[in-house]
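One-letter residues, chain by chain:
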Number of protein chains: 2
Amino acid sequence: MSEEINRQWTLSSRPSGFPEESDFELREAPIPVPDHGELLIRTEWLTLDPYMRGRMNASKSYTPGVEIGAVMTGESVGVVVESRAEGISGGDYVLSRSGWQEYSTQHVSAVRKLDPAVAPVSTALGVLGMPGLTAYFGTLDVIGPKAGDTFVVSAASGAVGAVVGQIAKLSGCRVIGTAGSDEKIAYIVDDLGFDAGINYKTESVSDRLGELCPDGIDGYFDNVGGVTTDAVLDHLANGARIAICGQISQYNSPATEMGPRNLRSLLVAQARMQGFLVYQFAARHPAALERLTRWVANGTIKYREDVVEGFEKMPRALIGMMHGANFGKLLVKTAG
Amino acid sequence: MSEEINRQWTLSSRPSGFPEESDFELREAPIPVPDHGELLIRTEWLTLDPYMRGRMNASKSYTPGVEIGAVMTGESVGVVVESRAEGISGGDYVLSRSGWQEYSTQHVSAVRKLDPAVAPVSTALGVLGMPGLTAYFGTLDVIGPKAGDTFVVSAASGAVGAVVGQIAKLSGCRVIGTAGSDEKIAYIVDDLGFDAGINYKTESVSDRLGELCPDGIDGYFDNVGGVTTDAVLDHLANGARIAICGQISQYNSPATEMGPRNLRSLLVAQARMQGFLVYQFAARHPAALERLTRWVANGTIKYREDVVEGFEKMPRALIGMMHGANFGKLLVKTAG
């Protein structure tokens with residue numbers, strides 16, 4: 001261990017709108033000592049995901065918020081420095097819910113051992129981790145794409161959206177993605193094989209959906225909510241299926257934003273809208289990971305990482321993501 | 001035929017908010033002559049239903065709007081005056097899509113023959129007709145009530161809501177209804193056996209739902225939309241199922257009303273919201289009608305009719321319904 005301290009990002013205040021760096025505090029703590037059955041892990045890769053904004057609130061979500069003064073919550077990939085458990089040795093790579101810190105101890109039952117020969121270990125935080133599984137179950141189980149369907153995904157170049165669109169393509173759909181820059185649109189169309197993209201910052205999403213989806217939208221995977229979702233609801237095909245995965249456009253509003261009352265669209269189209277969490281499919285995660293791993297290994301599914309170097313940049317990177325600054329799965333690599 | 005003319009209510013202008021009597025015109029036409037295979041029917045009972053407001057618009061709904069100058073659309077029950085078809089004779093009662101007029105001709109294949117011995121013929125427009133079937137499929141198929149569920153229905157004393165709540169009770173749910181007067185609340189609780197009611201005009205629906213549903217709402221059958229539905233979304237149990245049947249609170253807004261963006265509630269509760277139309281279950285209507293008929297005959301399901309006398313009162317009765325003036329299934333009985 002090169003340093004004798006464990007740096008941690010803690011939550012120092014609850015933001016009412018977009019989070020600011022001052023909402024976090026970098027603390028130093030002793031490096032913890034593993035108990036029997038535990039591992040000491042040095043963090044190498046940390047993930048930043050939109051759901052973390054909800055954890056900064058006190059209000060009820062699907063899991064409780066982070067306490068003020070506590071280490072921010074989140075998954076990471078790290079290397080085992082010391083093992084007091086069977087089956088995992090020093091030098092092994094593991095995925096764990098370490099939170100935002102450079103070292104943590106974890107019970108061996110709470111980690112997933114990674115094989116660097118199968119895929120880069122960072123993918124356990126993205127395409128072969130929670131975002132990939134979210135895309136997999138949201139697309140295949142919640143929406144249920146059918147060959148010939150017109151399928152729309154928002155935040156299409158992001159960690160979840162990119163996998164969603166590629167699985168919808170594999171399922172025989174015409175796939176249209178929305179994203180916030182021409183570069184992102186070029187990526188989803190040219191590199192990922194989407195049929196079309198809409199830059200929501202420079203184009204009217206509703207007008208473009210009208211042009212691109214003359215027979216309406218059969219499947220919609222929603223990561224953003226707000227005006228993009230309003231536009232989709234104006235173009236539903238009969239029997240449309242909508243998966244509500246995220247509503248990032250709303251997470252940083254200090255108060256509940258107002259929007260058009262448009263549930264009648266569901267009635268007219270006899271459409272189904274389903275909110276879901278990846279955890280509800282936990283029993284099937286291993287089988288899905290196997291399939292995703294095969295698709296990544298043979299190049300069927302491509303992924304892109306946006307790597308920020310330096311543990312100290314965690315808050316800045318999270319804030320940037322809330323503004324759409326990242327391009328691909330946002331990860332922070334520790335200097336260690 | 002006591003009169004030689006056929007009175008018809010036609011659409012004379014498209015309302016932008018609540019309809020007014022001046023949006024309709026009472027016209028006189030000759031009594032039509034039935035062709036081979038057709039029946040001449042004298043209307044006895046006309047139904048008024050919330051969906052008719054949508055038919056007064058030019059904008060796209062699930063079926064096209066009524067043309068200006070055309071007879072208003074709708075079902076009725078009438079007596080056959082002359083039959084040129086086999087299987088139905090003069091004096092028989094039939095259900096048909098006559099529109100708002102005192103006489104119509106219909107092909108025999110487009111009518112349903114009614115048996116006055118089984119139930120009063122007017123029930124074919126309510127509990128044993130489209131509203132009853134809507135309640136049946138929306139409750140049993142779209143929501144899927146489970147014993148022990150907490151179940152909420154809006155417009156609970158109406159033609160659809162009253163049947164919804166009684167079927168949910170039969171399914172073992174705790175049932176709470178919303179309605180717009182203390183008299184209606186007393187009816188659903190004392191006469192129909194609901195567990196509780198909320199008068200949305202005098203109580204805070206959200207506060208009362210919080211008190212009445214400490215474990216959240218598992219099933220919600222929505223006839224109204226707007227603030228009532230907002231309140232329900234604030235109290236969803238995990239895995240909640242919502243059927244969007246009607247949004248009457250929105251039908252008379254000249255422009256799209258704004259409301260809180262609350263789809264995140266679906267995400268947090270992993271809830272499903274499904275818009276539906278009774279027609280999508282058409283193949284199963286006969287079997288459902290058989291069951292509903294049995295339930296009505298043995299008193300398991302009760303119903304209430306609000307009868308307005310006089311064909312000339314059709315527009316006024318429709319407008320009253322839009323303001324919640326009716327109490328039970330709204331019907332107009334012709335003087336004939």
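Calculation notes
- Residues numbered from 1 in each chain as written.
- Chains lettered and ligands numbered in written order.
- Predicted model: local features only at pLDDT ≥ 70, side-chain atom pairs only at ≥ 80, totals over all residues.
- Helix = DSSP H or I, 4+ residues; strand = E, 2+ residues; numbered from the N terminus.
- Buried ≥ 20, exposed ≤ 12 C-beta atoms within 10 Å, placed from the backbone.
- Contact = placed C-beta atoms within 7 Å.
- Domains from an automatic or database assignment.
- Nonpolar A, V, L, I, M, F, W, Y, C, P; charged D, E, K, R; others polar.
- Least-squares fit on C-alpha atoms with pLDDT ≥ 70 in both.
- Pairing = 2+ DSSP bridges.
- Axes fitted to C-alpha atoms, helices over the stretch in contact; angles between N-to-C directions.
- Parallel < 35°, antiparallel > 145°, perpendicular 65-115°, else oblique.
- Left-handed = near helix turned anticlockwise from the far one by under 90°.
- Right-handed = clockwise from strand over helix to strand, strands pointing away.
- Expected span 1.5 Å × (residues − 1).
- Arc of directions from axis to C-beta.
- pLDDT = per-residue confidence, 0-100.

1. Brief notes about the overall build of chain A
Helices and strands together make up the secondary structure of chain A, namely ten helices and 16 strands. In terms of overall dimensions, chain A has C-alpha extents of about 60 × 45 × 35 Å along its principal axes. Each of the 336 residues in chain A was classed as buried or not, and the buried ones make up 49%. Across chain A, contacts joining residues at least 24 apart in sequence account for 66% of those joining residues at least 6 apart.

2. Overview of the domain arrangement of chain A
All names here are of chain A. Here chain A is described as being made up of domain 1 (5-126 + 303-333) and domain 2 (133-279). Each of domain 1 and domain 2 has a C-alpha centre, and these two points are 28 Å apart. Contacts between domain 1 and domain 2 engage 15 residues on the former and twelve residues on the latter. Looking at the side of domain 1 that touches domain 2, its residues break down into six nonpolar, six polar and three charged.

3. Let's talk about the environment of threonine 300 of chain A
All names here are of chain A. Positionally, threonine 300 belongs in the loop between α9 (285-297) and β15 (305-309). Taking the C-beta count within 10 Å as the criterion, threonine 300 has 14 such neighbours and is therefore assigned partly exposed. When neighbours within four sequence positions are excluded, threonine 300 is seen to be in contact with Leu170 and Trp295.

4. A look at the relation of the copies chain B and chain A
With an RMSD of 0.0 Å, the fit of chain B onto chain A corresponds to turning through 180° and sliding 0.0 Å along the axis. Taken together, the turn and the small shift mark the pair as related by a two-fold rotation axis. The overlap is high: 100% of the interface residues of chain B also sit at the interface in chain A, so the same surface is used on both sides.

5. With respect to the interface of chain B and chain A
On the chain A side, the residues contacting the 30 residues of chain B number 30 residues. Within the residue set of the side of chain B that touches chain A, elements represented by two or more residues are α6 (226-233), β13 (258-260), α7 (264-269) and β14 (272-275) of chain B. Residue composition of the side of chain B that touches chain A, grouped by class: 13 nonpolar, 13 polar and four charged. Across three bridges, strand β13 (residues 258-260) of chain A lies against β13 of chain B in antiparallel orientation. In the sheet register, glycine 259 of chain A faces β13 of chain B, and the bridge partner there is glycine 259 of chain B.

6. As for the packing of helix α2 (residues 130-143) of chain B against helix α3 (residues 161-170) of chain B
Residue and element names in this part refer to chain B. Remark: α2 packs on α3, axes separated minimally by 8 Å, with the N-to-C direction vectors making an angle of 40°. Relative to α3, the element α2 is oriented oblique. Seen from above, α2 lies across α3 with right-handed handedness. On the side of α2, the interface is formed by Pro131, Gly132, Ala135, Tyr136, Gly138, Thr139 and Leu140, while α3 contributes Val163, Val164, Ile167 and Ala168. Of the residues assigned to the contact of α2 with α3, the class counts are eight nonpolar, three polar and no charged.

7. Thoughts on the pairing of strand β11 (residues 217-222) of chain B
Residue and element names in this part refer to chain B. With six of six residues buried, β11 is to be regarded as a mostly interior element. Pairing geometry for strand β8 (residues 150-153) and β11, over three bridges, is parallel. From the neighbouring strand, phenylalanine 151 faces β11, where its bridge partner is glycine 219. With five bridges connecting them, β11 and strand β12 (residues 236-244) associate as parallel partners. Bridged to phenylalanine 221 within β12 is alanine 243. On the question of chirality, the crossover connecting β11 to the parallel β12 by way of α6 is right-handed.

8. Re the sheet that holds strand β11 (residues 217-222) of chain A
Ordered by their spatial adjacency, twelve strands build an open sheet running β10(A)-β9(A)-β8(A)-β11(A)-β12(A)-β14(A)-β14(B)-β12(B)-β11(B)-β8(B)-β9(B)-β10(B), and the pairing between neighbours is mixed. Of all the strands in the sheet, the pair left with one neighbour each is β10 (196-199) of chain A together with β10 (196-199) of chain B. Between one strand axis and the next, the sheet turns by 15° as a mean value, whatever way the strands run. Each of β9 (174-179), β10 and β11 of chain A is contacted by helix α5 (residues 205-212) of chain A, which is oriented at about 165° to β10 of chain A, the strand it contacts most. Each of β8, β9 (174-179), β11 and β12 of chain B is contacted by α6 of chain B, which is oriented at about 165° to β11 of chain B, the strand it contacts most.

9. Remarks on unusual backbone geometry
Backbone geometry at glutamine 270 of chain A places phi at a positive 50°, although glycine is not the residue there. By the secondary structure assignment, glutamine 270 of chain A is in the loop between α8 (264-269) and β14 (272-275). Accessibility expressed as a C-beta count within 10 Å gives 20 for glutamine 270 of chain A, which makes it buried. The phi torsion at alanine 155 of chain B lies on the positive side, around 50°, for a residue other than glycine.

10. A few points about the pairing of strand β12 (residues 236-244) of chain A
Looking at chain direction, β12 of chain A and β14 of chain A are connected through four bridges and run parallel. Pairing of alanine 243 of chain A across the sheet is with glutamine 274 of chain A, part of β14 of chain A.

11. Here we look at helix α8 (residues 285-297) of chain B
All names here are of chain B. Under the 1.5 Å per step criterion, the end-to-end length of α8 is 18 Å for 13 residues, consistent within 8% with the ideal 18 Å. Among the residues of α8, those classed as buried are Leu292, Trp295 and Val296. Viewed end-on, α8 has its buried residues packed into an arc of 95°, placing them on one side of the element. Of the exposed residues in α8, the ones pointing more than 90 degrees away from its buried face are Pro286, Ala287, Glu290, Arg294 and Ala297. In this structure, the buried residues of α8 make contact with α2. Following α8 by one or two positions, glycine 299 adopts a phi angle in the positive range, close to 80°.

12. Quick look at the environment of phenylalanine 221 of chain A
Residue and element names in this part refer to chain A. For phenylalanine 221, the location among the structural elements is in strand β11. We classify phenylalanine 221 as buried; it has 32 C-beta atoms within 10 Å. Put simply, phenylalanine 221 and arginine 241 are 20 residues apart on the chain and 8.6 Å apart in space, counted from C-alpha to C-alpha. Excluding its chain neighbours within four sequence positions, the residues that come into contact with phenylalanine 221 are Gly138, Thr139, Ile143, Val153, Val164, Ala243 and Cys245.

13. As for the confidence of the model for chain A
Of the residues in chain A, 98% have a pLDDT of 70 or more, and the chain-wide mean is 95. Note on the complex model: pTM 0.93, ipTM 0.91.

14. Remarks on the environment of leucine 133 of chain A
Residue and element names in this part refer to chain A. By the element assignment, leucine 133 lies in helix α2 (residues 130-143). We classify leucine 133 as buried; it has 22 C-beta atoms within 10 Å. Excluding residues within four positions of it along the chain, leucine 133 makes contact with Val278, His285, Ala288 and Leu289.

15. Regarding helix α3 (residues 161-170) of chain A
Residues and elements named next belong to chain A. Within α3, eight of the ten residues are buried, leaving the element largely enclosed by the surrounding structure. All of the buried residues in α3 are Gly161, Ala162, Val163, Val164, Gly165, Gln166, Ile167 and Ala168. Buried-residue contacts for α3 involve α2, β8 (150-153), β9, α4 (182-191) and β11. Where α3 terminates, the next one or two residues include glycine 172, which has phi positive at roughly 90°.

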